[in-house]
Amino acid sequence: MAKIEMDPQRWKQEILKKYPSKIAKKREKSIVVNDGPETKQTIQANIRTIPGIITQRGCTYAGCKGVVLGPTRDIVNLVHGPIGCSFYAWLTRRNQTLPPTPDSPNYMMYAFSTDMQDSNIVFGGEIKLKQACREAFEIFKPKAIGIFSTCPVGLIGDDVHAVAREMKEELGINIFGFSCEGYKGVSQSAGHHIANNALVKHVIGLNDKPAEGKFLINMLGEYNIGGDAFELERILAKCGITLNASFSGNSTMEQFERAHMADLNVVMCHRSINYVAEMMETKYGIPWFKVNFIGAASTAKSLRKIATYFGDKDLIARVEEVIAEEMTTVQKTIAEIKPRTTGKTAMMFVGGSRAHHYQELFTELGMTTLSAGYEFGHRDDYEGRRVIPTITVDADSRNIEELTIEKDEAKFHERLSEEKKAELEKDLQFNEYEGMMKDMEKGALVIDDLSHYEMEKLIEIYHPDVFCAGIKEKYCVQKMGIPLKQLHSYDYGGPYAGFEGALNFYKDIDMIVNTSVWKLIKAPWEKEAVIEAEYAA
Ligand code: CFM
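The structure contained in this document is the topic of the report that follows.

Here is what the cut-offs are and how they apply
- Residues numbered from 1 in each chain as written.
- Predicted model: local features only at pLDDT ≥ 70, side-chain atom pairs only at ≥ 80, totals over all residues.
- Heavy atoms only, no water.
- Helix = DSSP H or I, 4+ residues; strand = E, 2+ residues; numbered from the N terminus.
- Rg over C-alpha atoms; globule rule 2.2 N^0.38 Å.
- Buried < 20%, exposed > 50% of the residue type's maximum accessible area, 1.4 Å probe, protein only.
- Contact = heavy atoms within 4.5 Å.
- 1 Å grid on protein atoms, 1.4 Å probe; cavity = no way out; pocket = protein on both sides within 12 Å on 5 of 7 lines; lining within 4 Å.
- Points joined across faces, edges and corners; volume = space filled by probe spheres on them.
- Nonpolar A, V, L, I, M, F, W, Y, C, P; charged D, E, K, R; others polar.
- Pairing = 2+ DSSP bridges.
- Axes fitted to C-alpha atoms, helices over the stretch in contact; angles between N-to-C directions.
- Polar contact = N/O pair within 3.5 Å; in protein donor to acceptor, adjacent residues only side chain to side chain.
- Phe/Tyr/Trp six-rings, centres within 6.5 Å; stacked < 30°, edge-to-face > 60°.
- Lys NZ or Arg CZ within 6 Å of the ring centre and 35° of its normal.
- Parallel < 35°, antiparallel > 145°, perpendicular 65-115°, else oblique.
- Salt bridge = Lys/Arg side-chain N within 4 Å of Asp/Glu carboxyl O.
- Arc of directions from axis to C-beta.
- Left-handed = near helix turned anticlockwise from the far one by under 90°.

### Considerations on the overall build of the chain
No. 1: Scanning the chain for helices and strands turns up 22 helices and 14 strands.
No. 2: Scaling as 2.2 N^0.38, a compact globule of 537 residues should have a C-alpha radius of gyration of about 24 Å, and the chain matches this with 24 Å.
No. 3: Buried residues in the chain amount to 58% of all 537 residues.
No. 4: Considering only contacts within the chain whose residues lie at least 6 apart along the sequence, 76% involve residues at least 24 apart.

### Topic: the layout of surface pockets
A probe as big as a water molecule, rolled over the atoms, marks out the empty space that is left.
No. 1: As a volume, the second largest pocket reaches approximately 850 Å³.
No. 2: H378, I391, V393, S397 and E402 are the residues nearest the centre of the second largest pocket, which is lined by 30 residues in total.
No. 3: Elements represented by at least two residues in the lining of the second largest pocket include exactly α9 (189-202), α12 (270-284), α16 (379-383) and α17 (395-398).
No. 4: In terms of residue class, the lining of the second largest pocket is made up of 10 nonpolar, 11 polar and nine charged.

### Describing the sheet that holds strand β6 (residues 216-222)
No. 1: The four strands are arranged β7-β6-β8-β9 in an open sheet whose pairing can be described as parallel. Looking at which strands have only one partner, the edges of the open sheet turn out to be β7 (242-248) and β9 (288-290). Strand-to-strand twist of the sheet, defined as the mean angle between neighbouring strand axes without regard to direction, takes the value 25°.
No. 2: Here β6 pairs with strand β8 (residues 264-267) via four bridges, running parallel. By the bridge assignment, I217 is partnered in β8 with L264.

### A word on the side chain of N34
No. 1: Position of N34 relative to the elements: it lies in the loop between β1 (31-33) and α3 (60-69).
No. 2: At a separation of 3.0 Å, a polar atom in the side chain of N34 contacts the main-chain carbonyl oxygen of M437.
No. 3: A polar contact is formed between the side chain of N34 and the backbone oxygen of E441, at a distance of 3.3 Å.
No. 4: Those residues within four positions of N34 in sequence are excluded, and the remaining contacts are T39, Q41, M437, M440, E441, K442, G443, A444 and V446.

### Some points on the packing of aromatic side chains
No. 1: Here the structure, examined in full by the defined rule, presents 23 aromatic pairs.
No. 2: Each ring, one from Y309 and one from F310, has its centre 5.0 Å from the other, and the planes form 85°; the classification is edge-to-face.
No. 3: Residue Y309 is classed as buried on the basis of its relative accessible area of 5%.
No. 4: Taken together, F215, F289, Y309, F310 and F430 form an aromatic cluster joined through their ring pairs.
No. 5: Taking the ring centre of F430 as reference, the NZ or CZ of K421 above it sits at 5.1 Å.

### Some remarks on the packing of helix α10 (residues 228-239) against helix α14 (residues 313-341)
No. 1: Axis separation between α10 and α14 bottoms out at 8 Å; the angle between their running directions is 130°. Taken together, the axes of α10 and α14 are oblique relative to one another. From α10, R234, K238 and C239 reach across to α14, where they touch L315, R318, V319, V322, E325 and E326.

### As for the side chain of D381
No. 1: Among the structural elements, D381 can be located in helix α16.
No. 2: With a relative accessible area of 0%, D381 lands in the buried category.
No. 3: Not counting residues within four places of it along the chain, the set of residues in contact with D381 comprises H270, R271, G352, Y374, Y433, G435 and M436.

### What to know about the pattern of salt bridges
No. 1: Throughout the structure, instances matching the rule amount to 35 salt bridges.
No. 2: A salt bridge links R271 to D381; the nearest nitrogen and oxygen atoms lie 2.7 Å apart. Here D381 lies in helix α16 and R271 lies in helix α12, a separation of 110 residues in the sequence. Judged on exposure class, the residue R271 and its partner D381 are both buried.
No. 3: One connected set of salt bridges, linked through shared partners, spans E231, R234, K238, E325, E326 and E500.

### Re helix α20 (residues 471-479)
No. 1: Those residues of α20 that sit buried are E473, K474, V477 and Q478. Projected onto a plane normal to the axis of α20, the buried residues spread over an arc of 120° and lie on a single side. The outward face of α20, more than 90 degrees from its buried face, is lined by the exposed residues K472 and K479.
No. 2: At its buried positions, α20 is contacted by α19 (452-462), β13 (466-469) and β14 (484-486).
No. 3: Immediately beyond the C-terminal end of α20, within one or two residues, lies G481, with a positive phi of roughly 90°.

### Digging into the packing of helix α15 (residues 354-364) against helix α21 (residues 498-514)
No. 1: The N-to-C vectors of α15 and α21 enclose an angle of 65°; their axes lie 10 Å apart at closest approach. By the angle between their axes, α15 is roughly perpendicular relative to α21. Both α15 and α21 take part in a crossing whose hand is right-handed. Facing α15, whose interface residues are Y358, L361, F362 and E364, α21 presents A502, F505, Y506 and I509.

### A short note on unusual backbone geometry
If a residue is not glycine, its phi is most likely negative; likewise, a peptide bond is most likely trans.
No. 1: The omega torsion of the bond from F247 to S248 falls at 5°, within 30 degrees of zero and hence cis.
No. 2: You can see S248 is positioned in strand β7.
No. 3: Across the junction of G494 and P495, the peptide omega takes the value -5°, indicating a cis bond.
No. 4: Looking at the secondary structure, you find P495 in the loop between β14 and α21.

### Notes on the sheet that holds β13
Within a beta sheet, neighbouring strands are joined by backbone hydrogen bonds and run either parallel or antiparallel to one another.
No. 1: One open sheet holds the six strands; their spatial order is β1-β12-β11-β10-β13-β14, and the pairing between them is mixed. The open sheet terminates on both sides in strands that have one partner only, identified here as β1 and β14. Here the average twist between neighbouring strands, direction ignored, is 20°.
No. 2: Pairing of β1 with strand β12 (residues 445-447) involves three bridges; the strand directions are antiparallel. Bridge pairing in β12 places V33 opposite L445.
No. 3: Docked against the sheet, helix α1 (residues 8-16) engages β1 and β12, running at close to 165° with respect to β1.

### Notes on helix α18 (residues 418-428)
No. 1: Looking only at α18, the buried set comprises K421, L424 and L428. The arc that holds the buried residues of α18, viewed along the axis, is 80°, so those residues lie on one side. Facing away from the buried surface of α18 by more than 90 degrees, the exposed residues are E419, A422, E423 and K426.
No. 2: Here the buried face of α18 lies against α12, β9 and α13 (296-310).
No. 3: Just downstream of α18 lies Q429, where phi reads positive at about 50°.

Shown next, in the form of structure tokens:
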């Protein structure tokens, strides 16, 4: 843990030094030296990336189409736009899904696009979009089509919602549109919100037949990266908890439609789906709390929270049995690996939730997180939901529709009395997420929307044993002699969620931080002298 004490304030200044003063002033507010668990610090987040800075972020379309709707196998996700937007969202690790039979609808391997051409930009693309809907319907007979707007759609003014309404009428299936043009927000975070709104508006509540079984829950914000959902489904089934719907790992349209029939919403990734949790509570009376299935201890804790919520003696006993059984292997593996990983250091700059969740796994290995940050988290993901009332709504957030949600008198029912809820509050912490910063050590650097330059500087200063980010960062970091673990795609490994996932992660990290191959690589500044100069003008 020695490294974390190394004068972080000085390193913060060192990182900012290179920027022109106006930019340094802006970035300064997004780089925080953490005060420790009691922190009440403020961080600047969810604002526009400064033009010219190389950001890790993606676009609004990516958050809507790729993240939230992408993992659902039986919706035709039709992209209205140039082919590139589809091509780069096609056949990624999100395409893991397990249809119950070989004949069950599964469109994950296809890329549906209107393939807009110059003439569609000039004369409009609505006719082509209608044709695409008809063609998709004719070939696949899907239950639903989602239409996703890319940047040019917003610029030329095609009305995807009008087309969706017309096609819904004509084809007799559920068709809905998303105004998720890439530029709609400052990052993919806006796309999550747009996706959540449309699911609540057009899908949730359509089918009153719940999943069969006891203890019905919906898992919100779990997207089956690297097969995580399969491991979580295994654990829940073993405990006797019924997964009524998942948003959206290994999910189906039917699950979304019946989501309002569950008795509890548990939220994994707070950033991407807290909107659905809140809207479903108002509309249908389903309580929600935060869980985390990344890390063995966190998995156990989350299962206990679910059992406590239902308060059923048999369920509580069964959950304890499962935890005891699974933890035996986990503890054995930790005992073997931990001596080799203790004292090693990590950094992680990922999305809007994993940079927090994965710190748990490193802690279990005796490792320290020196620095971490989100690409597109909001202040509440860093500081906790208590700060939500103080977050200023800027023009970029105002761009996204705020739905007015009211109680659905016919479908609302109270799952917990006010008294019962108050009694459980201490253990379950309803409607709460305390954010990343309070779980981080004093002196750790928390950095929002890390730039490429800042990343290089951090590595140069701290030399972490492993750097976690995505494919855009991977090879730059590895050329600096530091191994990079992708936490978006898991480098095609995983699953990392749940108990078996934790075992996979321990083994992978053990290999990564203990291989000698990285010692053979020299970073450029170690190999040759660097000459620096400044203009005298
Ligand atoms: Fe939530 Fe995600 Fe993430 Fe996210 Fe993502 Fe992702 Fe991520 Mo990549 S929904 S915020 S927009 S946990 S795609 S499954 S890995 S950046 S940390």
